Amino acid sequence: MPIYKVSGQKKFKVRVNYVASKGNYKAKYATADSYLEATQKYEELYKNRFFEKKLTLGVLCDDYKRSIMPRVKVSTYETIEILINKILREFGENIYIHDITPTLVRNWNTRLLNSQYSRSYIHDLSARFATLMNYAEQYYGLTQNPVRLAGMIYKGVSPEKKIFTIDEFIQFMNHIDKEKELTYWVIFQVMFFTGCRIGEILALFPSDIDFDNHLISINKTYCVSHGHRYLNTPKTAKSSRKIRIPTFLSDILSEYVKRLPVSDLRIFFNISSHGLKSKQDVICKRAGLKKIRIHDFRHSAASYLISQNIPLLEVSKRLGHTSPVITYKVYGHLYPDKDKKIAA
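Everything numeric in this text was worked out from a predicted model, so none of it was measured. (Residues numbered from 1 in each chain as written. Predicted model: local features only at pLDDT ≥ 70, side-chain atom pairs only at ≥ 80, totals over all residues. Heavy atoms only, no water.)

**Considerations on the overall build of the chain**
And step 1. Looking only at helices and strands, the chain features 15 helices and 8 strands.
And step 2. With respect to the three principal axes, the spread of C-alpha positions in the chain is 80 × 50 × 50 Å.
And step 3. Out of the 344 residues belonging to the chain, those deemed buried represent 44%.
And step 4. For the chain, restricting intrachain contacts to residue pairs at least 6 apart in sequence, the fraction spanning at least 24 positions comes to 61%.
And step 5. Here the chain has roughly 19,600 Å² of accessible surface; of this, 53% comes from carbon and sulfur atoms.
And step 6. Computing the positive centroid from 54 side-chain charges and the negative centroid from 32, the chain places the two 5 Å apart. (Helix = DSSP H or I, 4+ residues; strand = E, 2+ residues; numbered from the N terminus. Buried < 20%, exposed > 50% of the residue type's maximum accessible area, 1.4 Å probe, protein only. Contact = heavy atoms within 4.5 Å. Areas by Shrake-Rupley, 256 points an atom, 1.4 Å probe, with all protein chains shown as cover. Lys, Arg positive; Asp, Glu negative; His and termini not counted. Charge placed at Lys NZ, Arg CZ, Asp CG, Glu CD.)

**Overview of unusual backbone geometry**
And step 1. Non-glycine residue His226 carries a positive phi angle of around 50°.
And step 2. One can find His226 in the loop between strand E6 (221-225) and strand E7 (228-232).
And step 3. Although it is not a glycine, Asn309 adopts a positive phi angle of roughly 65°.
And step 4. On the secondary structure map, Asn309 appears in the loop between helix H12 (296-307) and helix H13 (312-319).

**Observations regarding the nonpolar core**
And step 1. Membership of the largest hydrophobic core comes to 43 residues, with the highest contact counts inside it found for Phe172, Val186, Phe188, Leu253, Phe268 and Phe297.
And step 2. If you list the elements that add at least two residues to this core, you get helix H7 (166-173), helix H8 (182-194), helix H9 (198-202), strand E5 (215-218), helix H10 (247-257) and helix H11 (273-287).
And step 3. In terms of residues, this core owes the most to one element, H8, which gives 10 residues.
And step 4. Leave out the neighbours within four places in its chain, and Phe172 touches Phe164, Phe188, Gln280, Ile283, Cys284, Ala287, Leu289 and Phe297.
And step 5. If you look at the next biggest cluster of nonpolar residues, it comprises 33 residues, including Ile80, Leu88, Ile97 and Ile122. (Core = buried A, V, L, I, M, F, W, Y, C linked by side-chain atoms within 4.5 Å.)

**Details of the pairing of strand E8 (residues 241-244)**
Along any regular strand, the residues point their side chains to alternate faces of the sheet.
And step 1. Burial along E8 is one-sided: Arg241 and Ile243 are buried, while Lys242 and Arg244, pointing the other way, are not.
And step 2. Inspection of the sheet shows E5 paired to E8 by 4 bridges, in the antiparallel sense. From the neighbouring strand, Leu215 faces E8, where its bridge partner is Arg244. (Pairing = 2+ DSSP bridges.)

**Focus: H8**
And step 1. Its 13 residues give H8 an end-to-end C-alpha distance of 18 Å, which sits within 8% of 18 Å, the value for a rise of 1.5 Å per residue.
And step 2. Phi turns positive one or two residues past the end of H8, at Gly195, with a value near 75°. (Expected span 1.5 Å × (residues − 1).)

**What to know about the sheet that holds strand E4 (residues 209-210)**
Strands belonging to one sheet form pairs held by backbone hydrogen bonds; the direction of such a pair is parallel or antiparallel.
And step 1. If you trace the 3 strands from one edge of the open sheet to the other, you get E4-E5-E8, paired in antiparallel fashion. A strand with exactly one partner marks an edge of an open sheet, and here the two such strands are E4 and E8.

**What about the environment of Ile187?**
And step 1. Checked against the element boundaries, Ile187 lands in helix H8.
And step 2. Distance in space between the C-alpha atoms of Ile187 and Val224 is 19 Å, their sequence separation being 37 residues.
And step 3. If we ignore the near neighbours within four places in the chain, the residues touching Ile187 are Ile198, Ile201, Leu202, Phe268, Ile271 and Leu276.

**A look at the packing of aromatic side chains**
And step 1. Using the criterion set out here, one finds 23 aromatic pairs in the structure.
And step 2. Taking 6.4 Å as the distance between ring centres and 85° as the angle between the ring planes, the aromatic pair formed by Phe169 and Phe297 counts as edge-to-face. In this pair, Phe169 sits in helix H7 while Phe297 sits in helix H12, placing the two residues 128 residues apart along the sequence.
And step 3. Geometrically, the ring pair formed by Phe193 and Phe248 is edge-to-face, given 5.2 Å between the ring centres and 90° between the ring planes. Here Phe193 is found in helix H8, whereas its partner Phe248 is found in helix H10, with 55 residues between them in sequence.
And step 4. Taken together, the aromatic side chains of Phe164, Phe169, Phe172, Tyr184, Phe188, Phe192, Phe193, Phe248, Phe297 and Tyr304 make up a single cluster linked through ring pairs.
And step 5. Above the face of the Trp185 ring, Lys178 is positioned so that its terminal group lies 4.3 Å from the ring centre.
And step 6. The ring of Tyr222 has Arg266 lying over it, and the distance from NZ or CZ to the ring centre is 4.0 Å. (Phe/Tyr/Trp six-rings, centres within 6.5 Å; stacked < 30°, edge-to-face > 60°. Lys NZ or Arg CZ within 6 Å of the ring centre and 35° of its normal.)

**Things to note about H13**
And step 1. Within H13 the residues assigned to the buried category are Val315, Ser316, Arg318 and Leu319. Burial along H13 is one-sided: seen end-on, the buried residues are contained in an arc of 165°.
And step 2. Gly320, located one to two residues past H13, shows a positive phi value of around 75°. (Arc of directions from axis to C-beta.)

**Describing the packing of H7 against H8**
And step 1. Close contact between H7 and H8 brings their axes to 11 Å; oriented N to C, the two are set at 170°. Judged by the angle between their axes, H7 and H8 are roughly antiparallel. On H8, the residues that touch Ile166, Phe169, Phe172 and Met173 of H7 are Trp185, Phe188, Gln189, Phe192 and Phe193.
And step 2. Of the residues in the contact of H7 with H8, the class split is 8 nonpolar, 1 polar and no charged. (Axes fitted to C-alpha atoms, helices over the stretch in contact; angles between N-to-C directions. Parallel < 35°, antiparallel > 145°, perpendicular 65-115°, else oblique. Nonpolar A, V, L, I, M, F, W, Y, C, P; charged D, E, K, R; others polar.)

**Description of the pattern of salt bridges**
And step 1. All chains considered together, the criterion is met by 15 salt bridges.
And step 2. Where Asp208 meets Lys220, a salt bridge forms, and the shortest distance between an N and an O atom there is 2.7 Å. Of this pair, Asp208 sits in the loop between H9 and E4 while Lys220 sits in the loop between E5 and E6; the two residues are 12 residues apart in sequence, bridging distant segments of the chain. In terms of burial, Asp208 and Lys220 fall into one category: buried.
And step 3. Among the ionic contacts, a cluster of salt bridges with common partners joins Glu181, Lys279 and Arg286. (Salt bridge = Lys/Arg side-chain N within 4 Å of Asp/Glu carboxyl O.)

Okay, here's the thing in structure tokens:
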């Protein structure tokens, strides 16, 4: 708390910093005869520090991004920045935050709901805008959150996920030329039989695999940001895990890593997410199968495990979910007699 005792006096000085409407930093000051009075004046100054109501949305967004940058991963920050930029394009950087009314927000909500955007993306936009306005309430003296008053847009019922059944996956694999497309032949099997996120798979090194015990250690993720490639920590703490793999997959990987130019190279060093998706689409066309997303291989893996009567908790651990609750929300409908089991 910025309260200082004035040197040589029995007085205290109080200072509260804030960002003014043009984005420049300012400060408010007060003096007090006691520390108790100083704390009271600090609270009063802090509460009323934003006497200027001409703070623009652009300045708010810049300050919010500076605040969250050291607190989130680069990939998360970039996703948030994309959403914020979309909001700024809609309302403009120069609109004052006190001029953003519930009516303006509600009209925008209506346009979004009538657009071709997915319900999930619209929800993300609405939630991020609400978070921005919460930030303005907490730090910029906004008296009410117009997004909350206008009504949040929620995801609603998620559409049925596109997945490959085990038979469809076998059909998919049968249309890969093992000799000419060996790397893809290997990685698609890793994707289906582990359920790992693609970033986790692309981050694998030979040292991450215990071939004797058929275990894969997931302890990092591969990221690409503005052309810069780097390894980062996994998505969450629970994402760091050991996954037991089928013996046949362990054998496939053991033979494949022997082909690597050097032993300390990423196993799939020559594959990118974009290239993987392009190859997947080509193979789907060859096999006469529906196209699914790269992430849908993870959903396919989970669906396959559930079809094999693997308990929810074990599926959750394997997928690296923070909680089994997340696993149930996504895949609970696949469990037979789930209501009876919950009530038991």
